[in-house]
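Residues per chain are reported as follows:
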Amino acid sequence: MPEVRSLPDDISIPFEGSANLLKLLMDGAIPITHACGGSARCSTCRVRILEGSEACSPRTAAESEIAGRLALPDEIRLACQTKVASSVSVQRLVLDAEDEALSSLLRADIGPAGCDRELAVLFADVAGYTALADALPAYDIVHVLNRFFNAAEKGIVAAGGCIDNYMGDAVMALFGLDHEEAPALAAVTAGLALLEAAESVSKYVQALYDRTFAIRVGVHFGPVVVGALGGANTRRETAIGDAVNVASRVEAASKETGTRFLVSDDVRKLTREQVRFGRSFDLELRGKEGRFCVHEVEGLVE
Ligand code: FES
């Protein structure tokens, strides 16, 4: 007789014929969450099909709509919308009240689950920030940073990117989130705009405080996971993953190479027709294993 095996409970429920997966799990006293009562509105009955995906019915229209909204991969199914015809092994994904609060679509602010993407990631921060912050009163440093961030935002958005986060004196931006073409070139274009913005801020800082203002920029292109991260009340969409770490390290490498704008080898390969490159450096990136080749950006090809 076919059976549904549920994890992490490690309980198997035998059944006959074709049966609704949620009903089977409930009949087997599995504590499967089903906040909307099985009407395809909450997504809390989601399970991962570990074995036997061929035994599952295709997604219903309602499940397809939710799966599209949340970017659910094929192996994640809504139990209430799935019929099984032979043995399957499933893993419950919403295990307790906290999981439910974080994932129920009955909350208005739930966004897509994590999905794999390839994006260009840009990091920029202020060179010599500590010395500048030590020299200027707190009010003035906030004002100067906001003046730069305001110009940086314009450059990033004009190039087709979006600001992901501000971290103290640093900004992180993503390119390609909405599947725009040539995200690596867009990120390099934005990086050049940021350098121009910093020059203009530097004139301002020079006039007011008799000091210079400069930034460092780094760009990398690679795979990331995009998803809504954060506590239930502070969640926002962001990107995490190795490409983000590498972009940050490429930016930091500007310090040891004495450059203002570095990109990874992947970005150079994608933009070599449109971008003028200067020196190349073969170096270790902090926190990464192996050696990386990074390239100095001089400008766009005329
Ligand atoms: S129980 Fe709500 S979507 Fe399945």
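Residues numbered from 1 in each chain as written. Predicted model: local features only at pLDDT ≥ 70, side-chain atom pairs only at ≥ 80, totals over all residues.

A. Inspection of the overall build of the protein chain at higher detail. When its secondary structure is counted, the protein chain shows eight helices and 15 strands. Over its C-alpha atoms the protein chain spans a radius of gyration of 25 Å, topping by over 25% the 19 Å that the globule rule assigns to 302 residues. When the backbone C-alpha atoms are referred to their principal axes, the protein chain occupies close to 80 × 40 × 30 Å. Taken across its 302 residues, the protein chain has 36% of its residues classed as buried. For the protein chain, contacts bridging at least 24 residues in sequence account for 67% of all contacts bridging at least 6. (Helix = DSSP H or I, 4+ residues; strand = E, 2+ residues; numbered from the N terminus. Rg over C-alpha atoms; globule rule 2.2 N^0.38 Å. Buried ≥ 20, exposed ≤ 12 C-beta atoms within 10 Å, placed from the backbone. Contact = placed C-beta atoms within 7 Å.)

B. Region of the structure containing the sheet that holds strand E1 (residues 3-7). The strand order across the open sheet built from five strands is E2-E1-E7-E4-E5, with neighbouring strands paired in mixed fashion. For this open sheet the edge positions go to strand E2 (11-14) and strand E5 (76-78), each flanked by a neighbour on one side alone. In this sheet, adjacent strand axes meet at a mean angle of 35° when their direction is disregarded. Taken together, the four bridges between E1 and E2 define a ladder with antiparallel strand orientation. By the bridge assignment for E2, Val 4 is matched with Ile 13. (Pairing = 2+ DSSP bridges. Axes fitted to C-alpha atoms, helices over the stretch in contact; angles between N-to-C directions.)

C. Quick look at the nonpolar core. Judged by nonpolar contacts, the single largest core of 53 residues is most densely connected at Ala 120, Val 121, Leu 122 and Val 219. In contact with Val 219, not counting residues within four places along its chain, are Ala 120, Val 121, Leu 122, Ala 187, Val 188, Gly 191, Ala 247, Val 250, Val 263 and Val 267. Leu 25, Ile 32, Cys 45 and Val 88 belong to the second largest nonpolar core, which has 16 residues in total. (Core = buried A, V, L, I, M, F, W, Y, C linked by C-beta atoms within 7 Å.)

D. A look at helix H7 (residues 242-257). Taking 1.5 Å per residue, 16 residues should reach 22 Å; H7 reaches 22 Å between its end C-alpha atoms and fits that length. Taken as a whole, H7 has its buried residues at Ala 243, Val 244, Val 246, Ala 247, Ser 248, Arg 249, Val 250, Glu 251, Ala 253 and Ser 254. The elements touched by buried residues of H7 are strand E8 (115-127), strand E11 (214-229), strand E12 (236-240), strand E13 (261-264), strand E14 (275-284) and strand E15 (291-300). Positioned one or two residues after H7, Gly 258 has a phi angle of 65°, which is positive. (Expected span 1.5 Å × (residues − 1).)

E. Local environment of the pairing of strand E4 (residues 46-51). Taken together, the three bridges between E4 and E5 define a ladder with antiparallel strand orientation. Residue Arg 48 lies in a different strand from E5, and its bridge partner there is Ile 76. Judged from the four bridges that link them, E4 and strand E7 (residues 88-92) form a sheet pairing that is antiparallel. What sits directly across from Arg 48, in E7, is Gln 91.

F. Focus on the domain arrangement of the protein chain. The domain boundaries assigned to the protein chain delineate domain 1 (3-103) and domain 2 (115-300). Between domain 1 and domain 2, the C-alpha centre-to-centre distance is 42 Å. (Domains from an automatic or database assignment.)

G. Up close: the packing of helix H5 (residues 138-158) against helix H6 (residues 183-209). Taken N-terminus to C-terminus, the directions of H5 and H6 make an angle of 155°; their axes are 9 Å apart at the nearest point. On the basis of the axis angle, H5 is roughly antiparallel to H6. Viewed along their axes, H5 and H6 form a crossing whose handedness is right-handed. Here Val 144, Arg 147, Phe 148, Ala 151, Ala 152, Gly 155, Ile 156 and Ala 158 of H5 lie close against H6, whose contacting residues are Ala 190, Ala 193, Leu 194, Ala 197, Ala 198, Ser 200, Val 201, Tyr 204 and Val 205. When its residues are assigned to classes, the contact of H5 with H6 shows 14 nonpolar, two polar and one charged. (Parallel < 35°, antiparallel > 145°, perpendicular 65-115°, else oblique. Left-handed = near helix turned anticlockwise from the far one by under 90°. Nonpolar A, V, L, I, M, F, W, Y, C, P; charged D, E, K, R; others polar.)

H. Local environment of the environment of Pro 223. With respect to the helices and strands, Pro 223 occurs in strand E11. By the C-beta count within 10 Å, which is 12 here, Pro 223 ends up exposed. The sequence separation of Pro 223 and Ala 243 amounts to 20 residues, and the corresponding C-alpha distance is 5.9 Å.

I. Structural view of the confidence of the model for the protein chain. Averaged over every residue, the pLDDT of the protein chain is 91; residues scoring 70 or more account for 97%. Model confidence for the protein chain, summarised as mean pLDDT per element, is weakest for helix H3 (residues 97-103) at 76 and strongest for E13 at 98. (pLDDT = per-residue confidence, 0-100.)

J. Structural view of unusual backbone geometry. A cis amide bond links Leu 7 with the next residue in sequence, Pro 8, at an omega value of 10°. For Pro 8, the location among the structural elements is in the loop between E1 and E2. Even without a glycine there, the phi angle at Ala 71 is positive, about 55°. Tracing the sequence through the fold places Ala 71 in the loop between helix H2 (61-70) and E5. Residue Ala 71 is classed as partly exposed on the basis of its C-beta count, with 16 C-beta atoms lying within 10 Å. Despite not being glycine, Ala 182 has its phi angle at roughly 50°, a positive value. Within the fold, Ala 182 resides in the loop between strand E10 (170-175) and H6. With 16 C-beta atoms counted inside 10 Å, the residue Ala 182 sits in the partly exposed group.

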